[in-house]
Amino acid sequence: LDLYEDMKASPSKANAITYSTLINALTEGGRWEQAIEVFKTIVLQDLVVPDMPLFGAVMKACAEGGQWRMGNTLIDDLKEAGLQPNTRLYNSLLLAYRKDGLVEQAMQTFESMYPDVPYDLQTFNNLISVGEAAGNWKMALEIVIRLEKGTQLKPTAESYESLMGAMIRAGEWQKAVAVYENVRKKRLVKVADMVPVFRGGIAAHAAGGQATEALTVFKELLELGLQADLEMYTTLLRACGTSGELGIALEVFADMKYSGLSPSPETFGALISVLINGRRMADAWSQYEAMLDAGVTPQTDTLKALLAGLSVEGGQAERVRQLQLQIE
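What comes next concerns the included structure.

Calculation criteria
Residues numbered from 1 in each chain as written. Predicted model: local features only at pLDDT ≥ 70, side-chain atom pairs only at ≥ 80, totals over all residues. Heavy atoms only, no water. Helix = DSSP H or I, 4+ residues; strand = E, 2+ residues; numbered from the N terminus. Buried < 20%, exposed > 50% of the residue type's maximum accessible area, 1.4 Å probe, protein only. Contact = heavy atoms within 4.5 Å. Phe/Tyr/Trp six-rings, centres within 6.5 Å; stacked < 30°, edge-to-face > 60°. Core = buried A, V, L, I, M, F, W, Y, C linked by side-chain atoms within 4.5 Å. Salt bridge = Lys/Arg side-chain N within 4 Å of Asp/Glu carboxyl O. Expected span 1.5 Å × (residues − 1). Polar contact = N/O pair within 3.5 Å; in protein donor to acceptor, adjacent residues only side chain to side chain. Axes fitted to C-alpha atoms, helices over the stretch in contact; angles between N-to-C directions. Parallel < 35°, antiparallel > 145°, perpendicular 65-115°, else oblique. Nonpolar A, V, L, I, M, F, W, Y, C, P; charged D, E, K, R; others polar.

### Let's talk about the side chain of Glu161
For step 1, the next point in the chain: For Glu161, the location among the structural elements is in helix α10 (residues 157-169).
For step 2, the next point in the chain: Glu161 gets classed as buried once you look at its relative accessible area, which sits at 18%.
For step 3, the next point in the chain: The residues touching Glu161, leaving out its near neighbours within four places in the chain, are Pro196, Arg199 and Gly200.

Below, the structure written as structure tokens:
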């Protein structure tokens, strides 16, 4: 950002490489809107002639922000200038469709690439991820099968995870479980690369309220020497909340802390929800205080769940007031 301010003061000192670096840095820092504004300024003030890396940088910003309309305009501008958009640009455009789950538009873009622009594995995975966002598991499955039948490109662990995610989003968690079992039994992915598949399997069982089965998948991952991530722990805790498995939840949370991972607002919230449902308000409040001590900001849903639990229990006027103030 300091560089950005310097460049605004002396724009003549910057070149296309400098602007590309700035736009990429802004996007990676979560400031995609600002990254796009920088590009618009470049074009409006004719500061530099945009090259392919600069177009690539702003397309990444479009992908991050779901700005597919602008992405399409950039592709058209390149073609009108007699330039051929490359695979990376199209891959970013496909990702831009993900935010709104625009399956039809993504498929049209995908088909328009052939035969001038070669597909790569990221092209297919980005397309599958659009299907995941839309809950269109049939489209996602179609693309995965297309990859499986191919001779050069094959589905990755991420491909299968997105397929399972599409099925879960569509309420077809049993199908997602079947995908997980198929990948594991047929060894379609190398063991070292299986973490996303395990994550999808845990999420599938959790979506069906099967905390015990989700824990079994989790333990299989650990037995293979693979590293669990925070998302897995949080998903397991949510599954415990759905099925009322307080004992498993406490075991999972203890294992997470032992592994060295720090709980997120979602993780704390999931545990607190399980404790409230198990009528363990004292423990739920202790976790809430631990959350504050760790500098983690509670989500509004967590505060409301605590408030509801205290209201049922009664005799907690001071704590109720404290929560009400935070919610306001």
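Still more to cover.
### Overview of the packing of aromatic side chains
For step 1, the next point in the chain: In the structure shown here, the tally under the stated rule is 9 aromatic pairs.
For step 2, the next point in the chain: Between Trp68 and Tyr97, the aromatic rings sit 6.0 Å apart at their centres with planes inclined by 40°, giving tilted as the arrangement. With Trp68 in helix α5 (residues 68-80) and Tyr97 in helix α6 (residues 87-98), the pair connects residues that are 29 residues apart, well separated along the chain.
For step 3, the next point in the chain: Note on Tyr97: relative accessible area 2%, which makes it buried.
For step 4, the next point in the chain: Ring plane angle 50° and centroid distance 4.7 Å describe the contact between Trp285 and Tyr288, whose orientation is recorded as tilted. You can see Trp285 and its partner Tyr288 sitting in helix α17 (residues 281-293), 3 residues apart, about one turn around the helix.
For step 5, the next point in the chain: On the basis of relative accessible area, Trp285 is assigned to the buried category, the value being 3%.
For step 6, the next point in the chain: Ring pairs connect the aromatic residues Phe110, Tyr119 and Phe124, which therefore count as one cluster.

### Let's talk about the nonpolar core
For step 1, the next point in the chain: In terms of nonpolar packing, the biggest core is built from 107 residues, with Val197 and Leu306 touching the most fellow members.
For step 2, the next point in the chain: When residues no more than four places from it in sequence are discounted, the contact partners of Leu306 are Ile272, Ile276, Met281, Ala284, Trp285, Tyr288 and Leu323.

### Things to note about the pattern of salt bridges
For step 1, the next point in the chain: With the rule as written, the count across this model stands at 9 salt bridges.
For step 2, the next point in the chain: For Lys219, the salt bridge goes to Glu251, with nearest N and O atoms at 3.6 Å. Highlighted residues: Lys219 in helix α13 (residues 211-223) and Glu251 in helix α15 (residues 246-259), separated in sequence by 32 residues.
For step 3, the next point in the chain: By relative accessible area, Lys219 is classed as partly exposed at 37%.
For step 4, the next point in the chain: Residues joined in a network through salt bridges with shared partners are Glu161, Arg199 and Asp229.

### Describing helix α2 (residues 16-28)
For step 1, the next point in the chain: For α2, built from 13 residues, the straight-helix expectation of 18 Å at 1.5 Å per residue is met to within 8% by its first-to-last C-alpha distance of 18 Å.
For step 2, the next point in the chain: Measuring from the backbone nitrogen of Ile17 back to the side-chain oxygen at the start of α2 gives 3.1 Å, which picks out Asn15 as the cap.
For step 3, the next point in the chain: Residue Gly30 follows α2 closely and has a positive phi angle near 80°.

### Some remarks on the packing of α6 against helix α7 (residues 103-113)
Packed helices, taken two at a time, are described by the angle their axes make and the gap between the axes.
For step 1, the next point in the chain: Closest axis-to-axis distance for the α6/α7 pair is 9 Å, and the angle between their directions is 170°. Looking at the two axes, α6 sits roughly antiparallel to α7. Side by side, α6 and α7 meet where Thr87, Tyr90, Leu93, Leu94 and Tyr97 of the first sit next to Gln105, Ala106, Thr109, Phe110, Ser112 and Met113 of the second.
For step 2, the next point in the chain: Grouping the constituent residues of the contact of α6 with α7 by class yields 7 nonpolar, 4 polar and no charged.

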